[in-house]
Amino acid sequence: MSPADTLRLLLLSSLWGFSFIFMRVAAPEFGAVSLILLRMALGAALLIPLLAKPEYLRLLRQHLGPLFVLGLTTAALPYTLLALATMRLEAGFTSLINAATPIATALIGAAFFATPILRQQTLGLTLALFGVAVLSGGRLDFSAGGDGWFILAAVGATVCYGIGGNYSRTRLSHLPSRVLAAGSCAVAALVLLVPGLLLWPQEPVSGTAWGAALCLAALSTSGALLLYFQVLASAGATAASTVTMLVPVSALAWGFLLLDEALSLQVLAGMVITLLGTGIATGVVRSRRKRMLHL
């Protein structure tokens with residue numbers, strides 16, 4: 001990657017890492033559904049102007065059905081589940097569960113989309129699953145006041161991403177990235193419109209929560225998506241995939257600095273194992289090793 005791409009990647013990881021901080025701050029006051037409605041509505045408002053050309057609008061109209069599935073599985077459902085998770089779980093902890101998304105993507109791809117799992121991926125997926133087990137050890141309490149259901153919500157988000165990622169690859173890979181980003185945001189906003197308004201908070205929302213919600217929409221959604229597609233176009237898919245490993249580190253660091261979240265030995269061990277498994281499963285670790293051997 002060029003120095004500019006490296007800087008974009010680091011900025012992208014910070015923006016997506018901050019999304020867990022923003023949700024952790026805003027979700028308790030807005031509620032999960034209303035917060036993500038606001039996130040998607042503003043995100044769509046900022047991205048839709050990118051579709052000003054007639055050919056982009058034509059593609060949007062022609063693919064409304066598939067874009068509905070994409071918006072549901074990659075935005076409306078997973079974002080709401082993650083916002084729900086952050087109402088109880090630490091931002092860094094939730095981001096680490098979310099880092100296991102490649103596990104769900106590979107397993108769902110193998111089960112429903114005829115995507116083979118390679119030997120290297122099997123090792124990586126096993127390690128990542130073990131890392132999630134280490135993270136969740138002692139916290140899968142499903143009684144009243146326990147963390148179990150919130151951990152399952154975070155895991156459910158990775159399943160949604162896995163479905164959406166495979167669906168996008170097989171059905172929508174020919175569409176321009178701006179159509180995918182703006183279309184999925186707009187669909188998610190429409191899906192969440194009625195439940196989000198019905199569940200809108202009755203009590204006044206603090207300025208801090210409003211600030212976090214607006215930053216979540218403008219920075220961690222619209223800005224991050226545009227930055228991600230820049231990295232993808234300039235540096236390629238492998239380089240862009242490393243953000244999966246950088247986001248939890250960013251979220252853990254910001255959670256520790258801004259929200260006084262604890263960094264226990266269990267969390268650090270789970271992070272190392274999960275991210276190592278994710279790196280192996282996505283090919284990032286192997287590809288970097290190969291580059292080193294060729295130097």
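Quantities reported herein were computed from a predicted structural model and do not represent experimental measurements.

Trainee: How do you make sense of the overall build of the protein chain when you look at a structure like this?
Mentor: The secondary structure content of the protein chain amounts to 14 helices and zero strands. Each helix and strand of the protein chain, ordered N terminal to C terminal, gives the series α-α-α-α-α-α-α-α-α-α-α-α-α-α. Relative to the 2.2 N^0.38 estimate, which gives 19 Å for 295 residues, the radius of gyration of the protein chain is 19 Å and therefore close to what a compact globule would have. Projecting the C-alpha coordinates of the protein chain onto the three principal axes gives extents of approximately 55 × 50 × 40 Å. Within the protein chain, the proportion of its 295 residues that are buried is 49%. Contacts in the protein chain between residues at least 24 apart in sequence constitute 87% of all its contacts with a sequence separation of at least 6.

Trainee: Honestly, the pattern of salt bridges in this entry has me stumped. Any pointers?
Mentor: Close approach of charged atoms lets side chains of opposite charge pair. Inspection of the entire model under this criterion finds four salt bridges. The partner of Glu 90 in a salt bridge is Arg 139, with the nearest N and O atoms 3.1 Å apart. With a gap of 49 residues between them, Glu 90 in the loop between α4 (64–86) and α5 (91–98) and Arg 139 in the loop between α7 (119–136) and α8 (148–171) connect regions that are remote in the sequence. Taking the shortest distance from any N to any O, the salt bridge between Arg 139 and Asp 147 comes out at 3.1 Å. If you follow the salt bridges from partner to partner, you end up with Arg 88, Glu 90, Arg 139 and Asp 147 in one network.

Trainee: Sorry, what's going on with the nonpolar core here?
Mentor: For soluble globular proteins, the rule of thumb is that nonpolar side chains tend to be buried together. Core analysis: the largest hydrophobic core is formed by 79 residues, its most contacted members being Met 23, Phe 30, Leu 35, Ile 36 and Met 40. Take this core: its biggest share by element is twelve residues, from helix α1 (residues 3–30). Dropping the residues within four chain positions of it, Leu 35 is found in contact with Met 23, Ala 26, Ala 27, Phe 30, Ala 83, Ala 213 and Leu 216.

Trainee: I keep staring at unusual backbone geometry and nothing clicks. Help me out?
Mentor: Both trends apply: most residues other than glycine have a negative phi, and most peptide bonds are in trans. Its identity is not glycine, yet Asp 260 carries a phi of approximately 55°, on the positive side. Exposure remark for Asp 260: the relative accessible area of 69% places this residue in the exposed category.

Trainee: Where do I start with a nonpolar patch on the surface in this structure?
Mentor: There is a patch of nonpolar side chains on the surface, built from Leu 190, Leu 193, Val 194, Leu 197, Leu 198 and Leu 199 and spanning about 650 Å² of accessible area. Assignment of secondary structure puts Leu 198 in helix α9 (residues 177–198). In this structure Leu 198 comes out as exposed when scored by relative accessible area, which is 67%.

Trainee: Is there a simple way to explain the packing of α4 against α9 in this structure?
Mentor: If you want to describe how two helices pack, look at the angle between their axes and the distance between the axes. Relative to each other, α4 and α9 sit at 65°, their axes nearing to 8 Å. In the crossing of α4 with α9, the sense of the turn from one axis to the other is right-handed. Seen from α4, the contacting residues are Leu 67, Phe 68, Leu 70, Gly 71, Leu 72, Thr 74, Ala 75, Ala 76 and Thr 80; seen from α9, they are Val 179, Leu 180, Gly 183, Ser 184, Val 187, Ala 188, Val 191 and Leu 192. Residue composition of the contact of α4 with α9, grouped by class: twelve nonpolar, five polar and no charged.

Trainee: Please clarify how the side chain of Arg 139 should be interpreted in this entry.
Mentor: Here Arg 139 falls in the buried class, since its relative accessible area comes to 18%. Among the polar contacts made by the side chain of Arg 139, one reaches the side chain of Glu 90 at a distance of 3.1 Å. With residues up to four places along the chain from it excluded, the contact list for Arg 139 reads Leu 89, Glu 90, Phe 93, Asp 147, Gly 148 and Ile 151.

About the criteria used
Residues numbered from 1 in each chain as written. Predicted model: local features only at pLDDT ≥ 70, side-chain atom pairs only at ≥ 80, totals over all residues. Heavy atoms only, no water. Helix = DSSP H or I, 4+ residues; strand = E, 2+ residues; numbered from the N terminus. Rg over C-alpha atoms; globule rule 2.2 N^0.38 Å. Buried < 20%, exposed > 50% of the residue type's maximum accessible area, 1.4 Å probe, protein only. Contact = heavy atoms within 4.5 Å. Salt bridge = Lys/Arg side-chain N within 4 Å of Asp/Glu carboxyl O. Core = buried A, V, L, I, M, F, W, Y, C linked by side-chain atoms within 4.5 Å. Patch = residues over 30% accessible without salt bridge, like charges linked within 9 Å, V, L, I, M, F, W, Y side chains within 5 Å. Areas by Shrake-Rupley, 256 points an atom, 1.4 Å probe, with all protein chains shown as cover. Axes fitted to C-alpha atoms, helices over the stretch in contact; angles between N-to-C directions. Left-handed = near helix turned anticlockwise from the far one by under 90°. Nonpolar A, V, L, I, M, F, W, Y, C, P; charged D, E, K, R; others polar. Polar contact = N/O pair within 3.5 Å; in protein donor to acceptor, adjacent residues only side chain to side chain.

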